[in-house]
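Now for the letters of each chain:
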Amino acid sequence: MKCIVCKFGGSSLADGSNIGRVADILYADPARRYAVVSAPGKRFSADVKVTDLLYECYRAACETGSCTAAFAAVRRRFTSIVEELGLENFDIASILDETEREIDARKSADFAASRGEYLNARVIAAKLGWEFVDAKDLVFFDERGAFDEERSYPVIAERLKHIPNAVIPGFYGTDVAGNIKTFSRGGSDISGSIVARAVDADLYENWTDVSGFLAADPRIVEKPEKIEVISFKELRELSYMGANVLHADSIFPVRKGDIPIKIKNTFRPQDAGTLILPSKKYKKQGNLVTGIAGKKDFTVIFIEKSMMNAEVGFARKVLSILEEDGVNFEHMPTGIDTLSLVIESRYLAGGMLDRLLEQIRAAVHPDYLRVLENIALVATVGHGMAASVGTSARLFRALSEAGVNVRMIDQGSSELNIIVGIDNDDYEKCLRAIYREFFGKAVQSMAE
Ligand code: ASP
């Protein structure tokens, strides 16, 4: 039988009526066998996520020895959810008492934070009449704190083999010492992906509060097109550049297992959403460009030296300086006699930039060393670009017509993307010009 693993985010589970909606979605398709759930999120913009309330509980437990006062808000959230769902026989009060005691006793931030997912999964399992399976028995971390796939996948597969339907809390697992450990914030996306991979699901559905990915940032480009189908590689490029619907690390487990992801909107289940496909299953879509994304605040260090190409070890010397100083670089466009380093400006604060320049001068004696600050990067991403002549000409013409000065160009070797470096101030103009060129719409400036 077909198997779909569904992950529901915090906004999809913020209160009882939303959880009712989620139950309808799960019941609507028998292939939806496993639900991985987040903690209840915000019900309105000034609301506080249950996970944040729980971090408060942890702080109170450490500072005063008791989280009772802070835990009252968590208690209210779950009590009202259970009431709204009409689960009269579900003894949430005892489970909450036990949780409060454990938060006080364990004094672990990860343990406290994980209880939002734990409690929500227990409630949702009761609502659905499905089995609750604790993530602490399924997801394991290794001694370095990284997800231990070798240990986790067989355990999950074996445990779920005989369970037709289960609700599993997202966000946490168990470390080598047997303690609860969480992923980084938003990590339930990763848990869902892990479960999907372990049971070799046909599809990983990620239910959230938007109807999939948009081809550009809607705060900058008015009503951008929806992306119906995107490849893992394209998504990686776009989400790395700031287009985030999914936790960046959540792609890897399903990607390795060639399992497609579908982003769906809990509040508009009739919308098609975005399908994310492994390269093997991805057929080129009509569009040349799939999406455009970008980030501000980079610094570019240009290094020029004649005959650089003949000097063995030049790049290694430069890169080892970055390595020794613990500075991460994003891109390294090169020419015959030039090498540029594109670095997020936040890494260069506190005198780091001057220190790097000094070390580069001493190590490779460049003819010319120049720094460009306040640079934004904009990536235009699409598999279609590789096979089509004139794509970059169109892009650069559009930018020049819009009066955007291109300070740097980097085309990925896969020809999946073209990245331009521009002044921070030109960022919005740049995104709109590229969007207009490739999506052919009149884009009104929302900021102007
Ligand atoms: N509840 C966790 C958070 O707020 C994890 C998640 O929702 O994915 O970050």
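Cut-off values and rules
- Residues numbered from 1 in each chain as written.
- Predicted model: local features only at pLDDT ≥ 70, side-chain atom pairs only at ≥ 80, totals over all residues.
- Heavy atoms only, no water.
- Helix = DSSP H or I, 4+ residues; strand = E, 2+ residues; numbered from the N terminus.
- Expected span 1.5 Å × (residues − 1).
- Bend = angle between axes of the 7 residues up to and from the residue.
- Buried < 20%, exposed > 50% of the residue type's maximum accessible area, 1.4 Å probe, protein only.
- Polar contact = N/O pair within 3.5 Å; in protein donor to acceptor, adjacent residues only side chain to side chain.
- Contact = heavy atoms within 4.5 Å.
- Near = heavy atom within 4 Å.
- Areas by Shrake-Rupley, 256 points an atom, 1.4 Å probe, with all protein chains shown as cover.
- Salt bridge = Lys/Arg side-chain N within 4 Å of Asp/Glu carboxyl O.
- Phe/Tyr/Trp six-rings, centres within 6.5 Å; stacked < 30°, edge-to-face > 60°.

### Re helix α5 (residues 109–128)
Look at α5: 30 Å from first C-alpha to last across 20 residues, which is about the 28 Å you get at 1.5 Å a residue. Approximately 30° is the largest bend angle found in α5, and it occurs at Arg 115. Burial analysis of α5 places 15 of its 20 residues in the buried class, which makes it a mostly covered element. Among the residues of α5, the N-terminal cap falls to Ser 108, whose side-chain oxygen and the backbone nitrogen of Asp 110 are separated by 3.4 Å.

### Quick notes on the side chain of Asp 142
As for its placement among the helices and strands, Asp 142 is situated in the loop between β3 (131–132) and α6 (149–161). Excluding anything up to four places from it in sequence, Asp 142 contacts Asp 148 and Val 176.

### A look at the site of the ligand
Neighbouring the ligand are the residues Ser 38, Thr 51, Glu 117, Phe 171, Arg 185, Gly 186, Gly 187 and Ser 188. One of the side-chain nitrogen or oxygen atoms of Glu 117 is found 2.7 Å away from a nitrogen atom of the ligand. Taking Gly 186, its main chain carries an N or O atom lying 2.8 Å from an oxygen atom of the ligand. Here the ligand, which alone exposes 260 Å², has 92% of that area covered by the protein.

### Some points on the pattern of salt bridges
Considering all chains together, one arrives at 23 salt bridges under this definition. A salt bridge links Asp 47 to Arg 77; its shortest N-O distance comes to 3.5 Å. Remark: Arg 77 occurs in helix α3 (residues 68–84) and Asp 47 occurs in the loop between β2 (32–37) and α2 (50–64); sequence separation between them is 30 residues. The same class applies to Asp 47 as to Arg 77, namely buried. Arg 268 serves as the salt-bridge partner of Asp 271, at 2.7 Å between the closest nitrogen and oxygen. Asp 271 gets classed as buried once you look at its relative accessible area, which sits at 13%. Each member of the salt-bridge network shares a partner with another, and the members are Arg 43, Asp 47 and Arg 77.

### Focus: the packing of aromatic side chains
Evaluated as defined, the whole model comprises 5 aromatic pairs. Where Tyr 435 meets Phe 439, the ring centres are 4.6 Å apart and the plane angle is 10°; that geometry is what we call stacked. Taken together, the positions of Tyr 435 and Phe 439, both in helix α13 (residues 427–439) and 4 residues apart, correspond to about one turn of that helix. Owing to a relative accessible area of 0%, Tyr 435 belongs among the buried residues under this scheme. On the accessibility criterion, Phe 439 (9% relative accessible area) is buried.

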